[in-house]
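Each chain, letter by letter, is given below.
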Amino acid sequence: MSSHEKYHHGRTPAAWTASTIAAIGALIATVGFFLNINWVVVWVGLGIVLAAAVVGGVMVKMGYGQQLVEGEHH
């Protein structure tokens, strides 16, 4: 039972930051798509979505992510 105490569905600064950045990137890409398909804006938005994964991963490595339950690996 104690191994489940650390399980909190990703409610961490790393998860919130990555999700927020990804949502902003998706919004930018969507706006670019509906502005007569402005590909530069679409690709910038998708780049921001990819950057969100990198930022989240770095924050997890810095200790701002969910701690692992014993016996699990990243």
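For the structure, see preceding data.
What counts as what
- Residues numbered from 1 in each chain as written.
- Predicted model: local features only at pLDDT ≥ 70, side-chain atom pairs only at ≥ 80, totals over all residues.
- Heavy atoms only, no water.
- Helix = DSSP H or I, 4+ residues; strand = E, 2+ residues; numbered from the N terminus.
- Buried < 20%, exposed > 50% of the residue type's maximum accessible area, 1.4 Å probe, protein only.
- Contact = heavy atoms within 4.5 Å.
- Areas by Shrake-Rupley, 256 points an atom, 1.4 Å probe, with all protein chains shown as cover.
- Expected span 1.5 Å × (residues − 1).
- Arc of directions from axis to C-beta.

### Some remarks on the overall build of the protein
Item 1. The secondary structure content of the protein amounts to 2 helices and 0 strands.
Item 2. Burial statistics for the protein: of 74 residues in total, 18% are counted as buried.
Item 3. Excluding contacts between residues fewer than 6 apart, the proportion of contacts in the protein whose partners are at least 24 apart in sequence is 62%.
Item 4. Accessible surface computed for the protein: about 5700 Å², of which carbon and sulfur atoms make up 68%.

### Digging into helix α2 (residues 39-61)
In an α-helix there are 3.6 residues to a turn, and that puts residues three or four apart on one side.
Item 1. Taking 1.5 Å per residue, 23 residues should reach 33 Å; α2 reaches 33 Å between its end C-alpha atoms and fits that length.
Item 2. If you check which residues of α2 are buried, you get V42, G45, A52, G56 and M59.
Item 3. On the buried face of α2, the contacting elements are α1 (13-34).
Item 4. Of the residues flanking the end of α2, it is G63, one or two places downstream, whose phi is positive at about 100 degrees.

### Section: the environment of G47
Item 1. As for its position among the elements, G47 is in helix α2.
Item 2. The spacing of G47 and A26 is 21 residues in sequence and 9.5 Å in space, taken between C-alpha atoms.

### Details of α1
Item 1. The end-to-end C-alpha separation of α1 is 32 Å, in line with the 32 Å expected for 22 residues at 1.5 Å each.
Item 2. For α1, the full list of buried residues reads A14, A18, G25, A29 and G32. Buried residues of α1, viewed axially, fall in a sector of 55 degrees; they line one side. Exposed residues pointing more than 90 degrees away from the buried face of α1 are listed as W16, L27 and F34.
Item 3. Of the surrounding secondary structure, the elements contacted by the buried residues of α1 are α2.
Item 4. Once α1 ends, the next one or two residues include N36, with phi positive near 55 degrees.

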